[in-house]
Amino acid sequence: MPQAHGPPAPRLSGVSAYLDHAATTPVQPEVVAVMAEELSRIGNPSSLHTAGRAARRVVEESREQVAAALGARPGEVVLTGGGTEADNLAVKGLYWARAAADPRRRRVLVSAVEHHGVLDPAEWLAAEQGAEVVHLPVDRTGRLDVAAMREAIAADPASVALVSVMWANNEVGTAQPIEQVVSIAAEHGVPVHTDAVQAVGALPVDFDASGVAALSLTGHKFGGPIGAGALLVRRGTPLVPVLHGGGQEGGVRSGSVSAAGARALGVAAELAVAAQPAHAARLAELRERLRAAVLDAVPDAVVHGSPDPAQRLPGLLHVTVPGCEGDSLLYLLDARGVECSTGSACTAGVPQPSHVLRAMGLDDDTARGALRFSLGRTSTAADVEAVAAAIGPVVERARTAGLALLA
Ligand SMILES: Cc1ncc(COP(=O)(O)O)c(C=O)c1O
């Protein structure tokens with residue numbers, strides 16, 4: 001019998017405001033329940049006996065659920081261990097397949113603001129496999145320069161293996177013109193991959209209508225668990241596997257499939273996509289209050305990302321605070337019970353300014369003062385109030401400490 005689940009308990013005592021939902025957002029109670037139920041069952045979905053067949057049925061029903069939520073066919077869903085794995089499979093798998101068919105295809109076009117899950121496999125292909133990575137520029141708001149992309153392809157269309165442009169950016173929240181990207185690439189028969197990890201559940205995402213060849217998603221950004229994700233791959237798109245072994249997932253992704261992970265991903269996707277319009281409207285309103293509160297307390301803070309609400313993630317607020325280190329602000333806010341980020345959680349701790357902010361034309365000093373607040377399903381007005389109360393004194397403290405260091 002599944003237990004009743006209340007709101008997720010904070011992991012640490014004393015946490016009053018969690019504003020880092022873009023790093024990971026709480027697992028939906030319904031997802032915890034179905035996952036627990038599935039974990040208590042036995043059976044490898046590849047086994048032929050009754051228990052194995054039951055597990056396989058769960059996986060296939062969950063695949064259908066993911067597909068239905070995102071406008072894909074069940075056969076287009078490749079289950080993975082998350083977003084990074086989906087990105088690696090897309091970038092390497094498309095590259096290898098395209099270069100095998102025509103060795104002239106060596107260029108990998110990526111937006112300069114991609115997550116490292118895309119950038120690093122592309123760089124690895126360049127370092128180890130003779131690929132050439134072209135970083136497509138973005139404007140001050142982080143939005144792709146479509147004309148530059150058109151020029152980059154047109155310069156030598158036969159040499160392009162793939163284009164990868166994310167649906168929405170994880171640091172500043174700017175959404176990309178995927179429709180235009182696909183239409184330009186299609187003129188030259190070039191497949192497009194999009195990392196939609198931040199977009200699913202926050203913006204409308206329809207795989208089939210988008211025209212992309214491959215789309216990455218990960219459960220833990222929309223109410224599923226960490227470690228369960230998928231790559232949607234358009235039917236007929238050649239893809240060389242990264243993982244070899246038992247031949248699961250149509251031979252594209254070997255490894256025992258987790259029935260619990262698949263079920264969790266399916267339920268989380270269905271819930272998140274059904275709630276998306278109301279969720280986005282609620283977060284946009286909270287984000288506006290947060291923006292006003294931060295600027296009220298720190299008038300010289302600068303808000304980054306697209307100023308157009310239709311072109312950004314609804315619940316993300318990115319600011320830079322002049323004269324402060326983002327890391328110092330993060331720790332001082334944390335000490336006051338406000339949990340946020342300086343940008344990408346995956347690069348936190350690395351003391352270089354973000355490649356995203358650099359690509360947007362920010363100088364290194366400005367980029368170092370970055371803070372990302374991201375709202376989610378469990379966010380409330382009280383979280384905004386917690387930031388409003390803490391941010392002024394925290395910035396003052398960081399600035400005084402900075403001056404003391406200079407003296
Ligand atoms: C845009 C984007 N892509 C990929 C990832 C990686 O996903 P995962 O943590 O599931 O590997 C993240 C996570 O932060 C992300 O924000």
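Along each chain, the written sequence defines residue order, and numbers are assigned to residues from 1. In view of the model being predicted, local features appear only for residues whose pLDDT reaches at least 70, and side-chain atom pairs are presented and counted only at 80 or more, with totals across whole chains, interfaces and linings using the full set of residues. To get the side-chain values, take all heavy atoms of the structure and skip hydrogens and water.

A. Spatial organisation of the nonpolar core. Core analysis: the largest hydrophobic core is formed by 59 residues, its most contacted members being Met149, Val163, Leu215 and Leu217. Broken down by element, this core gets its largest block of residues, eight residues, from helix H8 (residues 259-297). Two domains share this core, each providing at least three of its residues, namely domain 1 (17-26 + 276-406) and domain 2 (29-270). For Met149, the residues in contact, after removing those within four places along its chain, are Leu136, Leu144, Val163, Val181, Ile184 and Ala185. Only buried residues count toward a nonpolar core. Its members are Ala, Val, Leu, Ile, Met, Phe, Trp, Tyr and Cys residues joined through side-chain atoms within 4.5 Å. A 1.4 Å probe rolled over the protein chains alone gives each residue an accessible area, and that area as a share of the maximum for its type sets the label: buried under 20%, exposed over 50%, partly exposed in between. The next biggest cluster of nonpolar side chains, apart from the first, holds 28 residues, and it includes Leu329, Cys340, Ile391 and Ala398. Under the DSSP-based scheme used, a helix requires at least four consecutive residues in state H or I and a strand at least two consecutive residues in state E, with every element numbered from the N terminus. Note: domain ranges come from an automatic or database domain assignment. Contacts: residue pairs with any heavy atoms within 4.5 Å of one another.

B. Representation of the sheet that holds strand S9 (residues 302-304) in the model. Taken together, three strands build an open sheet; the order of strands is S9-S10-S12 and the sheet is antiparallel. Lying at the two open borders of the sheet, with one neighbouring strand each, are S9 and strand S12 (370-374). Going across the sheet, the axis of each strand differs from the next one's by a mean of 30°, ignoring polarity. Simply put, an axis is a line fit to the C-alpha atoms, just over the touching stretch for a helix, and the angle between two N-to-C directions goes from 0 to 180 degrees. Strand contacts of H8: S9, strand S10 (316-320) and S12, with the helix running at about 20° to S10, the strand carrying the most contacts. Between any two strands, pairing holds if DSSP finds at least two bridges.

C. Representation of the packing of aromatic side chains in the model. In summary, the pairing rule links any two rings of Phe, Tyr or Trp, Trp by its six-membered ring, whose centres are within 6.5 Å, and it sorts them by plane angle into stacked for under 30 degrees, edge-to-face for over 60 and tilted for everything else. Summed over all chains, the structure comprises one aromatic pair. Where Trp96 meets Trp124, the ring centres are 6.4 Å apart and the plane angle is 80°; that geometry is what we call edge-to-face. Of the two residues, Trp96 is situated in helix H3 (residues 83-101) and Trp124 in helix H4 (residues 116-129); the sequence distance between them amounts to 28 residues. Take Trp124: its relative accessible area is 34%, and that puts it in the partly exposed class. In this structure, Lys92 is placed above the aromatic ring of Trp124, and the distance from its NZ or CZ to the ring centre is 5.0 Å. One cation-aromatic arrangement involves Arg234 over Phe207; the distance from NZ or CZ to the ring centre is 4.6 Å. By definition here, charges over rings are those cases where NZ of Lys or CZ of Arg is within 6 Å of the ring centre and within 35 degrees of the ring normal.

D. Looking closely at the domain arrangement of the protein. Splitting the protein by domain gives domain 1 (17-26 + 276-406) and domain 2 (29-270). If you average the C-alpha positions of domain 1 and of domain 2, the two centres end up 28 Å apart. On the side of domain 2, 32 residues touch domain 1, which itself brings 32 residues to the contact. Across the domain 1 to domain 2 interface the summed buried area is about 2,500 Å²; carbon plus sulfur atoms make up 56%. Considering only the side of domain 1, the residues that lose the most area to domain 2 are Leu313, His355 and Met360, jointly responsible for 23% of the buried surface there. When contributions to the side of domain 1 that touches domain 2 are tallied by element, the ones reaching two or more residues are H8, S10 and helix H10 (355-359). Residue contributions to the side of domain 1 that touches domain 2 peak at four residues, all from H10. By definition, the buried area sums, over both parts, the 1.4 Å-probe accessible area that each loses when the two are put together.

E. Region of the structure containing the site of the ligand. Gly83, Thr84, Asp195, Thr218 and Lys221 are the nearest of the 14 residues found near the ligand. At a separation of 2.8 Å, an oxygen atom of the ligand approaches a polar side-chain atom of Gln198. Here a polar contact is recorded for every N or O atom pair within 3.5 Å, except that within protein the pair must consist of a potential hydrogen donor and a potential acceptor, and residues adjacent in sequence are included only if both atoms are side-chain atoms. Side-chain polar atom of His220 to an oxygen atom of the ligand: 3.0 Å apart, as the coordinates give it. Note that accessible areas follow from Shrake-Rupley with a 1.4 Å probe, and for residues the cover is restricted to the protein chains shown. For the ligand, the protein covers 88% of the area, taking 390 Å² as the surface of the free molecule. Here a residue is considered near a molecule or strand provided that any single heavy atom belonging to it is located within 4 Å of it.

F. Fine view of the side chain of Asn88. Among the secondary structure elements, Asn88 is positioned in helix H3. The buried category is assigned to Asn88, whose relative accessible area is 17%. At 2.9 Å, the side chain of Asn88 and the side chain of Lys92 are in polar contact.

G. Molecular detail of the pattern of salt bridges. When a carboxyl oxygen of Asp or Glu lies within 4 Å of a side-chain nitrogen of Lys or Arg, that pair is called a salt bridge. Considering all chains together, one arrives at 17 salt bridges under this definition. Across the pair Glu38 and Arg41 runs a salt bridge, and its minimum N-O distance is 3.2 Å. Close ionic contact of Asp364 with Arg358 constitutes a salt bridge, the shortest N to O distance being 2.9 Å. Each of Glu37, Glu38, Arg41 and Arg263 takes part in a single network of salt bridges with overlapping partners.

H. Region of the structure containing the environment of Val394. Note on placement: Val394 falls in helix H12 (residues 381-406). Residues Val394 and Asp383 lie 11 residues apart in sequence; the distance between their C-alpha atoms is 16 Å. Among residues more than four places away in sequence, those in contact with Val394 are Leu329, Leu332, Leu333 and Arg336.

I. Just the packing of H3 against H4, in detail. Closest axis-to-axis distance for the H3/H4 pair is 8 Å, and the angle between their directions is 35°. Crossing hand, H3 versus H4: right-handed. On H4, the residues touching Thr84, Asp87, Asn88, Val91, Lys92, Tyr95 and Trp96 of H3 are Gly117, Val118, Pro121, Ala122, Trp124, Leu125 and Gln129. Should the near helix be turned anticlockwise from the far one by less than a right angle, the crossing is left-handed, and should it be turned clockwise, the crossing is right-handed.

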